[in-house]
Amino acid sequence: CVNNAGNNFSRRLVSVKEQPDGPPLLSPHPLEDFERVVTSLLTGTFLVGRHAAQAMLAAGTPGAIVNISSTVRHGSYGQSAYCAAKSGVEALTRTWAVELGEYGIRVSAVAPGVIDGEALRRRSAASERHAAFMADLRRHVPLRRWCDERDVAEAVAFAADNPSVTGTV
C-alpha cells in the first residue's frame, strides 16, 4: 500500500498587515483550512493504512505500507497544518511498524522535499515573488535541485521491496 495524500493551504498562524494610520490588521489561520489539511493528510492516511493492514492480516500475507511524509514535517514557515499532519504521518508510520511487525507487515515512510512538478511550475509562473523565493531556497539545498516524481517513485519502490526496511522515514 502506498499511502499518498497531499494538499496545502499555506497560512501563517496569524497574518499581520501593517496599517499606516492605525493598528495592524490581524488575520488568524482559519480553523476550516487547518482541519481540511489535517483530515486529508493525517486522517486519510490513517483510514487507508487501517484498511490495508486489515486486508493483509485477513489474507495472512505479509506486506508493506509506505506512507508519504515530507521534509517539512519538522516545521516550515506558514505551514502549521501541513507540518502537523506530516509529523503525524511519521508517528503513525513508527507506531504501525511496531504494531504490525510481528505479522510480517512492514511500515515505512518516504519524506520528499520540494517536488519539481506541475504545481510548483504553475505557482512560480503565477508569482514572481514565489519564483524568486523558490530559487533562493534551492540554493540552500545540498544538491541544488528539487526532487522529481521519479525520485519519489524510486524511494517508494525501495521502501516497499526491501525486506529489512520498517519503522523508518
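Here the structure is a predicted model, which is why all the values come from computation and not from measurement. (Residues numbered from 1 in each chain as written. Predicted model: local features only at pLDDT ≥ 70, side-chain atom pairs only at ≥ 80, totals over all residues. Heavy atoms only, no water.)

Take the overall build of the protein chain next. Regarding its fold elements, the protein chain presents five helices and five strands. Counted from the first residue to the last, the protein chain has its helices and strands arranged as β-β-β-α-β-α-β-α-α-α. Each of the three principal axes of the protein chain carries a C-alpha extent, and together these read 70 × 35 × 20 Å. For the protein chain, the residues scored as buried account for 34% of the 169 residues in total. Of the contacts made within the protein chain by residues no fewer than 6 positions apart, 69% connect residues no fewer than 24 positions apart. Here the protein chain holds 18 positive side-chain charges and 17 negative ones, and the gap between their average locations is 3 Å. (Helix = DSSP H or I, 4+ residues; strand = E, 2+ residues; numbered from the N terminus. Buried < 20%, exposed > 50% of the residue type's maximum accessible area, 1.4 Å probe, protein only. Contact = heavy atoms within 4.5 Å. Lys, Arg positive; Asp, Glu negative; His and termini not counted. Charge placed at Lys NZ, Arg CZ, Asp CG, Glu CD.)

Sheet architecture is open: three strands sit in the order β1-β4-β5, paired in parallel fashion. At either end of the open sheet lies a strand with only one pairing partner, and these are β1 (2-3) and β5 (105-110). In the sheet, β1 pairs with strand β4 (residues 63-68) via two bridges, with the strands oriented parallel. Note on β4: the bridge partner recorded for Asn3 is Asn67. On top of the sheet, helix α5 (residues 149-161) reaches β1, β4 and β5; it is set at about 160° to β5, its chief contact. (Pairing = 2+ DSSP bridges. Axes fitted to C-alpha atoms, helices over the stretch in contact; angles between N-to-C directions.)

The next point concerns the nonpolar core. Of all hydrophobic cores here, the largest spans ten residues; its members are Ala52, Ala53, Met56, Ile65, Leu92, Trp96, Ala97, Leu100, Ile105 and Val107. The biggest single contributor to this core is helix α2 (residues 80-100), with four residues. When neighbours within four sequence positions are excluded, Leu92 is seen to be in contact with Leu42, Thr45 and Phe46. (Core = buried A, V, L, I, M, F, W, Y, C linked by side-chain atoms within 4.5 Å.)

So, about the pattern of salt bridges. According to the stated counting rule, one finds eight salt bridges in the structure shown. Between Arg36 and Asp33 there is a salt bridge, and its shortest N-O distance comes to 2.5 Å. Pair noted here: Arg36 and Asp33 are both in helix α1 (residues 31-59), with a separation of three residues, about one helical turn. Under the relative-accessibility criterion, Asp33 is labelled buried at 7%. Glu154 is the salt-bridge partner of Arg150, the closest N and O atoms lying 3.0 Å from each other. (Salt bridge = Lys/Arg side-chain N within 4 Å of Asp/Glu carboxyl O.)

Two elements in contact, α1 and α2, have axes separated by 8 Å at closest approach and are oriented at 15°. Our classification of the angle between α1 and α2 gives roughly parallel. The element α1 and its partner α2 pack so that their crossing is right-handed. Contacts between α1 and α2 involve Phe34, Val37, Val38, Leu41, Leu42, Thr45, Phe46, Gly49, Ala53 and Leu57 from the first element and Ser80, Ala81, Tyr82, Ala84, Ala85, Lys86, Gly88, Val89, Leu92, Trp96 and Leu100 from the second. (Parallel < 35°, antiparallel > 145°, perpendicular 65-115°, else oblique. Left-handed = near helix turned anticlockwise from the far one by under 90°.)

The predicted model of the protein chain averages 91 in pLDDT, with 99% of residues at 70 or higher. No element of the protein chain has a lower mean pLDDT than helix α4 (residues 128-138), at 84, and none a higher one than β5, at 98. (pLDDT = per-residue confidence, 0-100.)

Turning to the packing of helix α3 (residues 118-126) against α4, a few remarks are in order. For the pair α3 and α4, interaxial distance at closest approach is 5 Å and the crossing angle is 125°. When the axis of α3 is compared with that of α4, the two are oblique. Contacts between α3 and α4 involve Leu120, Arg123, Ser124 and Ala126 on the former and, on the latter, Glu128, His130, Ala131 and Met134. Considered class by class, the residues forming the contact of α3 with α4 number four nonpolar, two polar and two charged. (Nonpolar A, V, L, I, M, F, W, Y, C, P; charged D, E, K, R; others polar.)

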